[in-house]
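So you can see what is in the structure, the chains are spelled out below.
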Amino acid sequence: MKNLILSLFFFCLAVSASGQRVMENLDRGVVAVRHKPNAVFISWRVLATEPENLPFNLYRTTGSGKPVKLNPHPITGGTNFTDTKADLTQNTAYTVKALMKGKETTGSKPFIIPANAPVAQYLSIPLKTPAGYRPHDASAGDLDGDGQYELVLHQVGKGLDNSFNGYTDKPIIQAYKFDGTLLWTIDLGRNIREGEHYTQFIVIDMDGDGKAEVAMKTADGTIDGKGQVIGDSTKDYRSKQPNTLGKVLDGPEFFTVFDGQTGAALATTDYIPSRYPTDGWGGPGGNGGNDNSGNRVDRFLACAAYLDGKLPSVVMCRGYYGRTVLAAWDYRDGKLTSRWVFDTKDGNNPFSGQGNHNLTVADVDDDGKDEIVYGAMVVDDNGKGMFSTGFRHGDALHVSDLDLERPGLEVFGPHEIEDHSKGDSGYVKDAGPGVAVYSARTGEVHFEGAIDTDVGAGVAENIDPDNPGAEMWWSGSEGLHSMKGTRIGPTPAASWLIWWDGDLTRELMGGGKVSKYKGGTIFTASEERGNGRGSPNLTADLFGDWREEFILSAGPSELRVYTTVIPTHHRLYTLMHDPQYRLSIAWQNVAYNQPPHLSFYLGEDMKKAPTPKIAVPKEAETSNQ
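Residues numbered from 1 in each chain as written. Predicted model: local features only at pLDDT ≥ 70, side-chain atom pairs only at ≥ 80, totals over all residues. Heavy atoms only, no water.

A. Region of interest: the overall build of the protein. In terms of regular secondary structure, the protein is built from three helices and 44 strands. Expected size for 625 residues packed as a compact globule is a radius of gyration near 25 Å; at 24 Å, the protein falls within 12% of this value. The C-alpha extent of the protein, read off along each of the three principal axes, is 70 × 60 × 50 Å. For the protein, the residues scored as buried account for 62% of the 625 residues in total. Once local pairs closer than 6 in sequence are excluded, the contacts in the protein between residues at least 24 apart make up 60%. For the protein, the accessible area works out to roughly 23200 Å², and carbon and sulfur atoms hold 51% of it. Of the charged side chains in the protein, 61 are positive and 80 negative; the average position of the first set lies 5 Å away from that of the second. (Helix = DSSP H or I, 4+ residues; strand = E, 2+ residues; numbered from the N terminus. Rg over C-alpha atoms; globule rule 2.2 N^0.38 Å. Buried < 20%, exposed > 50% of the residue type's maximum accessible area, 1.4 Å probe, protein only. Contact = heavy atoms within 4.5 Å. Areas by Shrake-Rupley, 256 points an atom, 1.4 Å probe, with all protein chains shown as cover. Lys, Arg positive; Asp, Glu negative; His and termini not counted. Charge placed at Lys NZ, Arg CZ, Asp CG, Glu CD.)

Right under this line is the structure:
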């Protein structure tokens, strides 16, 4: 009890003194993989709250023997090491110790490689997948407050798009530790339909207690991780009508915050907004028109955002083809409260029909509070619309410091031209740009391309070291383009992104392969299964140094977490301490997944990475060394 009181004291002291964003209490994040028969690659985190030149010592312990220091001199460069002298016939443990004023601090939690471990560049997570289901999107959060991430996994059976009638299986959400320990299972029940546009779950520490919560839409018959039923389990609201068969167009809708450690429902309230009227979600802009068949009304998105600059709120969203509603929720002191509601109300609104099949969160005006970039519009931290470009909805969205010649963040994305007069060619006269780049702060449009053309996909990121800043490409772009729109090379062969090798230029990923834009394939995973839409189950900086891991499923009973084994001399704090990147991991599972982005430019020609304004408990800072 004494230690608990002290921890809470230091936590409250750190938060109140800083007034900054409260982040997770991450540990050193040591990871080691036997990537060759005689070699182990080890890497570990640097926290953004630590000195950037903090020295480290690395120790190996074989069996029950004494620790052996592996580095002849303190490690002050990249936080990685290749060990080629380990006796891998015995259990082998790796521990990292930081040096503060020349003295070693307490060592990290040891990472243990079992005796005679197979040669593999991944960590295996055994799953308890329900019969007939498969692993889908995943998210990460420190659910139990131990400084290490756990995974929250969406298990899917039969699912259907909103535009199709029919019955689906019940969505299942599970939480796992990386050793395969199943923490809990949430059964969302028959009154929540399965499909890309329905169940968006957010994993984030909403109340700042050091343990992440899990938030999502629920309904009558949802069963929490403790076996308790939300609402009335006898109700079945699935439509029996031929034109809406299997869709849920009646009955109560709830929003629930679950305990991340146990899966128990902590707080439940009515979902905002309600679906009614079910034919009130169309309008001009985007996919113009309307329906009363459960299509436009049940298009959901979600995210987490630091709307007050200190603790995350969860924003649940409904609609983007016409009427659009964003509802921000706070969970504080065990209570769930509404912060604000943004509602375009009808189709005669400049913000109607501007949403995407995805969204992102960023501090676009640099005031310490987050905005929601909702496709072709931005909503301020106070719930008011900042601006809309009027370019209508799209399937992809990328926000970062993309153009080094312009201040602040830029937004890149494709836009679909959905008009009933469209022919097979996809060309619509005077419809607007198929791709655009605009200022995330002001909405000023910097580039328009693919005019009057329906564009389905696009990416923007720094993948070409020979071009300053980021590059962009899109379906039908016929090449890689600078952020000014100049063609500078052939079109990349992939549309997912990952930081993987030793330089600061980002790599491409697709089909389980990691490749350089100018260099070909540099890694191939043993499995190619992902979330079913061509992207990994999750990409994030889960542990180790600043490079990213990616997760693929090896069938229904296993997830594989792939991590790089390429040395790098570059040192950077964990990407999870960049608030925009961390919130990108929270929304990555939402609808049409997109890769995460940083709030700053990362490249060989970059300036020094900015120090994020974040707070973590003082107790955690000392224990992580």
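Text resumes after the structure shown.
B. Structural view of the sheet that holds strand β29 (residues 398-400). If you walk across this open sheet you meet the four strands as β29-β30-β31-β32, and the pairing is antiparallel. This sheet does not close on itself; its edge strands, each paired only once, are β29 and β32 (445-449). Averaged over all adjacent pairs, the angle separating strand axes in this sheet is 10 degrees, with direction ignored. Taken together, the four bridges between strand β31 (residues 435-439) and β32 define a ladder with antiparallel strand orientation. (Pairing = 2+ DSSP bridges. Axes fitted to C-alpha atoms, helices over the stretch in contact; angles between N-to-C directions.)

C. Just the layout of surface pockets, in detail. Approximately 1100 Å³ is the volume attributed to the largest pocket. What lines the largest pocket is a set of 41 residues, among which Asp 366, Leu 409, Ser 599, Phe 600 and Pro 610 lie closest to the centre. A class-by-class count of the residues in the lining of the largest pocket yields 13 nonpolar, 11 polar and 17 charged. The computed volume of the second largest pocket comes to approximately 760 Å³. Lining the second largest pocket are 32 residues, with Val 31, Phe 111, Ile 112, Leu 123 and Phe 178 sitting closest to its centre. (1 Å grid on protein atoms, 1.4 Å probe; cavity = no way out; pocket = protein on both sides within 12 Å on 5 of 7 lines; lining within 4 Å. Points joined across faces, edges and corners; volume = space filled by probe spheres on them. Nonpolar A, V, L, I, M, F, W, Y, C, P; charged D, E, K, R; others polar.)

D. Layout of the environment of Lys 484. As for its position among the elements, Lys 484 is in the loop between β35 (480-482) and β36 (487-489). Judged by its relative accessible area of 41%, Lys 484 is partly exposed. On a C-alpha basis, the gap between Lys 484 and Glu 448 in space is 9.4 Å, while along the polypeptide they are 36 residues apart. With residues near it in sequence (within four places) discarded, Lys 484 still touches Asp 403, Glu 405 and Phe 447. Side-chain polar atoms of Lys 484 contact the side chain of Asp 403, separated by 2.9 Å. At 3.3 Å, the side chain of Lys 484 forms a polar contact with the side chain of Glu 405. (Polar contact = N/O pair within 3.5 Å; in protein donor to acceptor, adjacent residues only side chain to side chain.)

E. Fine view of helix α2 (residues 579-587). Within α2, nine of the nine residues are buried, which leaves it mostly tucked inside the rest of the structure. Along α2, the positions that sit buried rather than exposed are Pro 579, Gln 580, Tyr 581, Arg 582, Leu 583, Ser 584, Ile 585, Ala 586 and Trp 587.

F. The arrangement of the state of the cysteines in detail. Per the stated rule, a full pass over the model turns up zero disulfides. In this structure Cys 303 is not part of a disulfide, and its nearest cysteine sulfur, from Cys 317, lies 5.2 Å away. The buried category is assigned to Cys 303, whose relative accessible area is 0%. (Disulfide = S-S within 2.5 Å.)

G. Structural detail: the environment of Ile 230. In this fold, Ile 230 is placed in strand β18 (residues 229-230). Exposure remark for Ile 230: the relative accessible area of 8% places this residue in the buried category. Put simply, Ile 230 and Thr 268 are 38 residues apart on the chain and 8.3 Å apart in space, counted from C-alpha to C-alpha. In contact with Ile 230, not counting residues within four places along its chain, are Thr 218, Ala 219, Asp 220, Gly 221, Thr 222, Phe 254, Thr 256, Phe 258, Ala 265 and Thr 268.

H. Just the sheet that holds strand β27 (residues 377-379), in detail. The sheet built from four strands is open, its strands ordered β25-β26-β27-β28 with antiparallel pairing. In this open sheet, the two edge strands, each paired with only one partner strand, are β25 (360-362) and β28 (385-388). Adjacent strand axes in the sheet meet at a mean angle of 20 degrees, parallel and antiparallel pairs treated alike. Strand direction decides the pairing type here: strand β26 (residues 371-373) and β27, joined by two bridges, are antiparallel. Each residue of the ladder has a partner; that of Val 373, found in β27, is Val 378.

I. Molecular detail of the side chain of Gln 121. With respect to the helices and strands, the residue Gln 121 is situated in the loop between β9 (111-113) and β10 (122-126). At a separation of 3.0 Å, a polar atom in the side chain of Gln 121 contacts the main-chain carbonyl oxygen of Thr 563. Setting aside chain neighbours within four positions, we find Gln 121 in contact with Trp 500, Phe 523, Val 561, Tyr 562, Thr 563, Thr 564 and Val 565.

J. Main features of unusual backbone geometry. Here the amide bond leading from Ile 272 into Pro 273 is cis, since omega sits at 0 degrees, within 30 degrees of zero. Within the secondary structure, Pro 273 sits in the loop between β20 (265-270) and β21 (300-305). With a phi angle near 75 degrees, Arg 392 is a residue other than glycine that sits in the positive phi range. Along the chain, Arg 392 turns up in the loop between β28 and β29.

K. Spotlight on the confidence of the model for the protein. With 92% of its residues at a pLDDT of 70 or more, the protein shows a mean pLDDT of 92. Across residues 1-18, confidence stays below pLDDT 50; counting only partners more than four residues off in sequence or on other chains, it has 13 contacts. Counted against residues more than four places away or in other chains, residues 619-623, with its pLDDT under 50, gives five contacts. (pLDDT = per-residue confidence, 0-100.)

L. Fine view of the packing of aromatic side chains. Under the definition given, this model contains 16 aromatic pairs. Between Trp 44 and Phe 56, the ring centres sit 6.0 Å apart and the planes meet at 70 degrees, which makes this aromatic pair edge-to-face. Here Trp 44 is found in the loop between β3 (39-43) and β4 (56-62), whereas its partner Phe 56 is found in strand β4, with 12 residues between them in sequence. Phe 56 shares its class with Trp 44; the two are buried. On the numbers, 6.3 Å between centres and 65 degrees between planes, the contact of Phe 523 with Phe 550 is edge-to-face. With a gap of 27 residues between them, Phe 523 in strand β40 (residues 520-524) and Phe 550 in strand β42 (residues 549-553) connect regions that are remote in the sequence. Phe 550 shares its class with Phe 523; the two are buried. One aromatic cluster is present, built from ring pairs that chain together Tyr 122, Trp 500, Phe 523, Phe 550 and Tyr 562. (Phe/Tyr/Trp six-rings, centres within 6.5 Å; stacked < 30°, edge-to-face > 60°.)

M. Main features of the environment of Thr 62. Relative to the helices and strands, Thr 62 resides in strand β4. Separated by 27 residues in the primary sequence, Thr 62 and Thr 89 have C-alpha atoms spaced 9.2 Å apart.

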